[in-house]
Amino acid sequence: MKGLFTALMVSYDKDGEINEKGLREIIRYNLDVTKVDGLYVNGSTGENFMISTEEKKEIFRIVKDEVKDRVKLIAQVGSINLKESLELAKYATDLGYDALSAVTPFYYKFDFEEIKNYYNTIINSVDNKMIIYSIPFLTGVNISIDQFAELFENEKIIGVKFTAGDFYLLERMRKTFPDKLLYAGFDEMLLSAAVLGVDGAIGSTFNVNGQRAREIYELANKGEITKAREIQHETNDFITELLNNGLYQTLKEILKEKGVDAGYCRQPMKELTEEKVEVAKTMAAKYF
Ligand SMILES: CC(=O)N[C@H](C=O)[C@@H](O)[C@H](O)[C@H](O)CO
Ligand SMILES: CC(=O)C(=O)O
């Protein structure tokens, strides 16, 4: 389960319906062009928190059908509706997903006991493994090193997708949990995380920029930091423009420039203005 995983985008049509043909094209682009080691399905980048349970299942099904066993698959099943998480955990496990992941429960201020119960309930309900999805800037949930230690007491909880810029915590985690899988979650900080010895990364920008991410990651692991830094600089020129223009919308527009029917984002996310579509086209030509 080590390596680079794309946080998979989903193609929606103008009415917000899943575009299956487009989704399959995005998947193939990731397998054939960006060449990642696996896909992280129904995460933030899949617009997961704006879709129904049935739609989540449909996406799990289409992805597994298109990928078969070519790369590893992680199913994000987290939800503050725990019954939904359990249903999705069973569904994805039955489909043959290699691991599950669940976002820390958000919106209500759940205490740690509740969070721990959530993870144990989900993963103990199925024959699978769990990767915690920690993304404090969106959820407001911070987990301390001692709390991670408590969660990791369950051997089925095998790692964490660490989407935070706290490199002190990441370093402590690496030292304390040498056998757990740590995945870097912020693509713009991939080099810094790789230097600290993460086991891989999970990122939205890998949908288009997976090859640069691979170079950064591999160069860092070989200790060729100067070269890796140059590619991180180039990557971050791209990511800065991306964040300024609208993250997911612009990624989709770039995919369209590469011939992939990536569609639109699900409302309430808005469409790009014509001007921003032009910016995205320029970015596609400049970086890819
Ligand atoms: C919220 C979100 O999409 N986070 C992703 C992974 O956690 C990242 O891949 C970022 O999109 C990326 O690093 C740009 O900030
Ligand atoms: C990694 C990320 O962006 C996701 O959860 O989709």
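Residues numbered from 1 in each chain as written. Chains lettered and ligands numbered in written order. Predicted model: local features only at pLDDT ≥ 70, side-chain atom pairs only at ≥ 80, totals over all residues. Heavy atoms only, no water.

A look at the overall build of the protein
We apply this condition: Helix and strand labels come from DSSP, where a helix needs a run of H or I of at least four residues and a strand needs a run of E of at least two; each type is numbered from the N terminus. The globule rule is 2.2 Å times the number of residues to the power 0.38, and the radius of gyration it is compared with is taken over C-alpha atoms. Per-residue accessibility, obtained with a 1.4 Å probe over protein chains only, is compared with the maximum for each type, and a residue is labelled buried under 20%, exposed over 50%, and partly exposed between these values. In what follows, a contact means two residues having at least one pair of non-hydrogen atoms within 4.5 Å. By the counting scheme adopted, Arg and Lys are positive, Glu and Asp are negative, and His together with the chain ends is not counted. Note that the charge is assigned to NZ on lysines, CZ on arginines, CG on aspartates and CD on glutamates.
Within the protein, the regular secondary structure consists of twelve helices and eight strands. Computed over C-alpha atoms, the radius of gyration of the protein comes to 18 Å, within 12% of the 19 Å expected from 2.2 N^0.38 for 288 residues, which places it in the range of a compact globule. For the protein, the proportion of its 288 residues judged to be buried stands at 57%. In the protein, of all internal contacts separated by at least 6 residues, the share reaching a separation of at least 24 is 71%. Averaged over its 37 positive side-chain charges, the protein has a centre that lies 3 Å from the centre of its 46 negative ones.

Brief notes about the side chain of Asp187
Quick note on the threshold: Here, a salt bridge means any side-chain nitrogen of Lys or Arg that lies within 4 Å of a carboxyl oxygen of Asp or Glu. Within 3.5 Å is the distance limit for a polar contact, defined as a pair of N or O atoms, with the added protein rule that one can donate a hydrogen and the other accept it, and that residues adjacent in sequence qualify only through two side-chain atoms.
Along the chain, Asp187 turns up in the loop between strand 7 (181-184) and helix 8 (190-195). Buried and unpaired, Asp187 has no salt bridge, with Lys161 as the nearest side chain of opposite charge at 7.1 Å. There is a polar contact of 2.5 Å between the side chain of Asp187 and the side chain of Thr205. Leaving out residues up to four positions away in the same chain, Asp187 has contacts with Ile202, Gly203, Ser204, Thr205, Phe206, Gln232, Asn236 and Ile239.

Description of the UniProt feature "active site" (unreviewed entry) in the protein
Under the convention used in this document: UniProt positions are given in the numbering used here, feature names are shortened, and annotations may be inferred rather than shown by experiment.
According to UniProt, the positions carrying the feature "active site" (unreviewed entry) are Tyr133 and Lys161. Despite a sequence span of 29 residues, these residues sit close together in the fold, their greatest C-alpha distance being 4.9 Å. For Tyr133, the contacting residues outside a window of four places in its chain are Tyr40, Ser44, Gln76, Ser101, Ala102, Val103, Thr104, Tyr119, Lys161 and Thr163. Along the polypeptide, Lys161 turns up in strand 6 (residues 157-162). Discounting residues that sit within four places of it in the chain, Lys161 has contacts with Tyr40, Ile131, Ile132, Tyr133, Ser134, Tyr183, Gly185 and Ile202.

Some thoughts on the sheet that holds strand 6
Note the threshold: Here the rule is simple: two strands pair whenever DSSP picks up at least two bridges between them. Axis angles are defined between N-to-C directions and span 0 to 180 degrees, where every axis is a line fitted to C-alpha atoms and, for a helix, only to the segment in contact.
In spatial order, the strands read 1-2-3-4-5-6-7-8; together these eight strands close into a barrel with parallel pairing. The mean angle between the axes of side-by-side strands here comes to 25°, regardless of whether they run parallel or antiparallel.

Some details on the site of ligand 1
Put simply, the rule reads: Nearness is defined per residue: one heavy atom within 4 Å of the molecule or strand is enough. Throughout this entry, Asp, Glu, Lys and Arg are counted as charged residues, while Ala, Val, Leu, Ile, Met, Phe, Trp, Tyr, Cys and Pro are counted as nonpolar. The remaining residues, Gly among them, count as polar.
Taken together, 15 residues lie around ligand 1, and Lys161, Asp187, Glu188, Ser204 and Tyr248 are the ones closest in. Contacts to ligand 1 include Lys161, whose side-chain N or O atom sits 2.6 Å from an oxygen atom. Within the contact set of ligand 1, an oxygen atom lies 2.6 Å away from a side-chain nitrogen or oxygen of Tyr248. Among the secondary structure elements, those contributing two or more residues to the shell around ligand 1 are strand 8 (200-203) and helix 11 (247-257). Its residues placed into classes, the shell around ligand 1 shows seven nonpolar, five polar and three charged.

Looking at the pairing of strand 6
The criterion, for reference: A clockwise course of the path from the first strand over the helix to the second, judged with the strands pointing away from the viewer, identifies a crossover as right-handed.
Of all six residues that make up strand 6, six are buried, and the element is covered over most of its length. Strand direction decides the pairing type here: strand 5 (residues 130-134) and strand 6, joined by five bridges, are parallel. In the strand pairing of strand 6, Ser134 is matched with Phe162. Of the pairings in the sheet, the one linking strand 6 to strand 7 comprises four bridges and is parallel in character. Residue Val160 lies in a different strand from strand 7, and its bridge partner there is Leu182. The parallel pair strand 6 and strand 7, bridged by helix 7 (residues 167-176), forms a crossover whose chirality is right-handed.

Points about the UniProt feature "binding site: aceneuramate" (unreviewed entry) in the protein
UniProt feature "binding site: aceneuramate" (unreviewed entry): in the numbering of this structure it lies at Ser44, Thr45, Thr163, Gly185, Asp187, Glu188 and Ser204. With respect to the secondary-structure elements, Ser44 resides in the loop between strand 2 (38-41) and helix 2 (53-67). Sequence-distant contacts of Glu188, defined by excluding residues within four places in its chain, comprise Gln232, Asn236, Ile239 and Leu243.

Observations regarding unusual backbone geometry
In the segment running from Gln267 into Pro268, the intervening peptide bond is cis, with an omega of 10°. Position of Pro268 relative to the elements: it lies in the loop between helix 11 and helix 12 (274-287). A positive phi is found at Glu47, a non-glycine position, where the angle reads about 65°. Among the structural elements, Glu47 can be located in the loop between strand 2 and helix 2. By relative accessible area, which is 1% here, Glu47 ends up buried. For Lys68, which is not glycine, the phi dihedral falls at a positive 55°. The topology assignment puts Lys68 in the loop between helix 2 and strand 3 (72-76).

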